Structure formats: structure tokens, C-alpha cells
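Fold and contact review
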Amino acid sequence: MPRRWVTAVACLLALVALACEGGGEGATRPPRESPPPGSSGGIAALGDSITTGFGSCLVLTSCQRNSFSTGDGLRVESLYRRLLDRDPAIRGRAYNHARPGARAAALEAQARAAARDRPDQVTVLIGANDACRGRIEEMTPVAEFRAGVDRGLRALRAGRPKARVLVVSIPDLYRLWEVGHTESRAVRAWRRGVCPALLAGATSTAPADRARRTAFRERIAAYNAQLVAACRAYGSRCRHDGGAVHRVRFTLDLVNPLDWFHPNAAGQDRLAEVTWRASGFAD
């Protein structure tokens, strides 16, 4: 074979190898640990399993590419992707510090980590795990919940005072019970320990179970009121979603068919749509 053909074939193979290393559609890119020196901008997310996209890739684990906040996949028009459309310079600057199981007490550590990324926008969605305990008596007290949120927001303001913060209301989990307790597949999944303070004995009409669900619903309302107050205390760089996420009328086709609790990709996309409208990030 002539030398020029050998060279051409070698170049072609090198290009193919590079394309393969880049991954195909939907490939997950590892999150950047910290921005390069001198850079800033982008978006960071604080919170729990909802923000990690848990269960949205048909396995019960985090799937950050589908996160309503920082996702870079093709199935969810996340806040990051919407910001990227407006400012291509933020490509790769999406930092997800949310963790499954996190409660308000975890926000401070997440906020400190996010501040090191120097984002211009930050989303905060927390509270479901404070309520989803084994029993009503084990739910985080309202004052303790507020203290955890305040510590997190203070850490964020100290580390990144000019960032714009969106505090997101807790979804209406009681609504999920309303639409799911007559679906046998959902009830079977919930029996495996999904949010027992609300979903245990999902089909029971006993007065004690009805009272437990009512107490759960009232605790979520109390947490949401504290999120409003905490954002107001933060100052002008914080905006609350005005209850927009809590008002989303979730249906079973917006949650994954494994735990019948966490949003699937369509549910994450709905959260992205609602939070984008409430965020003011496009201003």
C-alpha cells in the first residue's frame, strides 16, 4: 500500500477513536470537580435525590444528566441547557452537589462546595427527606429544618454573594398518594419503604392512617412556609418559586415505574419548565 494511503488510514482510525471516547447520544460526562483558574459562571444545584435525577434512567440510582437543574442530557430541557442556549461560554459549568437522602442539615456542606465552583445561579430544593421518615414523630422539627436551610444559605452567601439563588418549593407529595393509592403497582412499590410517614398503609382508611397523612401534609406546608421566609431573609439575590413546583399536578406518568415516587425524565422536564419560569434567570 502506498505510504500516503497508510497515513490517511491511520488518521481516519484516530478520528474514529476520538469520536468513540466522546460517547454517543446521552453519554454521561463526569462532573467537573472545580472550575479552571479565573473562570466563573454556570449553575450549581443543592438538594436531595429529586435534583440528582434519581430513578429517571430506569434504575434506582442518581441520573444527573436528567436533573431539572443541571442536566446535560437530551430528554430534559434543564435550567443549565436553557442557560447554555443563551450563553455558550458556560458549557461544562453545571455542578450538581445534591445527594440522595439529604436533609436540610446537609445544605451547609453542599453550599460550601458549590461556592468553590463560583456559579452565577444556584438552585435549592430540599425538604422531602425531612418529612419522609419512618414515623411522623421522626420528621425534622420545623425550627430545626429552618435552621438547616439558614445555615446553608448563609454559607452560600458568604462564598458566592453575587450568585442568584432560586429556592424551590417542595413538591406536593400528598398529591402523589392521592393519585397512586389506587394503583396496585405503586402500592406494592411503596411497601418496600418508600416515604413511610406518608405512604405506609397506602390503601388504609383507618382514622389513624388518615390523621398521619394529614400531619405529613401539614408538615410539608410548614416547611414550604419556612423556605419562603428563609429566602426573604437572604436578600435580593434570592427568589422563591412562589409555590410553583408544589402546585404541579403530578400524575403517575410523571414518576418512574420502579419506586413510583421520584420523577422520571418527563417529570424532570416538567420541573425544569416550571422552575425556569419562576427563576428569573433569563432576565
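Residues numbered from 1 in each chain as written. Predicted model: local features only at pLDDT ≥ 70, side-chain atom pairs only at ≥ 80, totals over all residues. Heavy atoms only, no water.

This next bit is on the side chain of Ser67. Positionally, Ser67 belongs in the loop between β1 (43-47) and α2 (79-86). Of the polar contacts made by the side chain of Ser67, one reaches the backbone nitrogen of Thr70; its length is 3.4 Å. (Helix = DSSP H or I, 4+ residues; strand = E, 2+ residues; numbered from the N terminus. Polar contact = N/O pair within 3.5 Å; in protein donor to acceptor, adjacent residues only side chain to side chain.)

In this section: the state of the cysteines. According to the stated counting rule, one finds three disulfides in the structure shown. Shown here is the disulfide that connects Cys57 with Cys63, its sulfur atoms set 1.7 Å apart. Residue pairing for Cys132: its cysteine sulfur links by disulfide to Cys195, the two sulfurs lying 2.0 Å apart. With the S-S bond torsion at -80 degrees, the cross-link from Cys132 to Cys195 turns out left-handed. Highlighted residues: Cys132 in the loop between α4 (128-131) and α5 (142-159) and Cys195 in the loop between α7 (184-190) and α8 (196-199), separated in sequence by 63 residues. (Disulfide = S-S within 2.5 Å.)

Moving on: the pairing of strand β3 (residues 121-125). The side chains of a regular strand alternate, residue by residue, between the two faces of the sheet. With respect to burial, β3 is a largely interior element, five of its five residues being buried. Burial of the side chains of β3 extends over both faces: Gln121, Thr123 and Leu125 are buried on one face and Val122 and Val124 on the other. Note: β1 against β3, five bridges, orientation parallel. Looking at β3, one finds that Ile43 is bridged to Gln121. Relative to strand β4 (residues 164-167), β3 runs parallel, the two being bridged by four bridges. (Buried < 20%, exposed > 50% of the residue type's maximum accessible area, 1.4 Å probe, protein only. Pairing = 2+ DSSP bridges.)

Here the focus is the packing of aromatic side chains. Taken as a whole and judged by the stated rule, the model has two aromatic pairs. Plain terms: the ring middles of Phe145 and Tyr223 are 4.2 Å apart, the flat faces sit at 20 degrees to each other, and that makes the pair stacked. With a gap of 78 residues between them, Phe145 in helix α5 and Tyr223 in helix α9 (residues 207-234) connect regions that are remote in the sequence. In terms of burial, Phe145 and Tyr223 fall into one category: buried. Here the aromatic rings of Tyr174 and Trp177 are separated by 5.4 Å at their centres, their planes lie at 45 degrees, and the arrangement is tilted. A residue pair is termed a helical-turn pair when its members lie 3 or 4 positions apart in one helix, as Tyr174 and Trp177 do in helix α6 (residues 173-180) at three residues. A residue is classified by how much of its surface remains accessible, and Tyr174, at 14% relative accessible area, is buried. The class of Trp177 is buried, set by a relative accessible area of 11%. It is Arg157 that lies over the ring of Tyr234; its NZ or CZ is 5.1 Å from the centre. (Phe/Tyr/Trp six-rings, centres within 6.5 Å; stacked < 30°, edge-to-face > 60°. Lys NZ or Arg CZ within 6 Å of the ring centre and 35° of its normal.)

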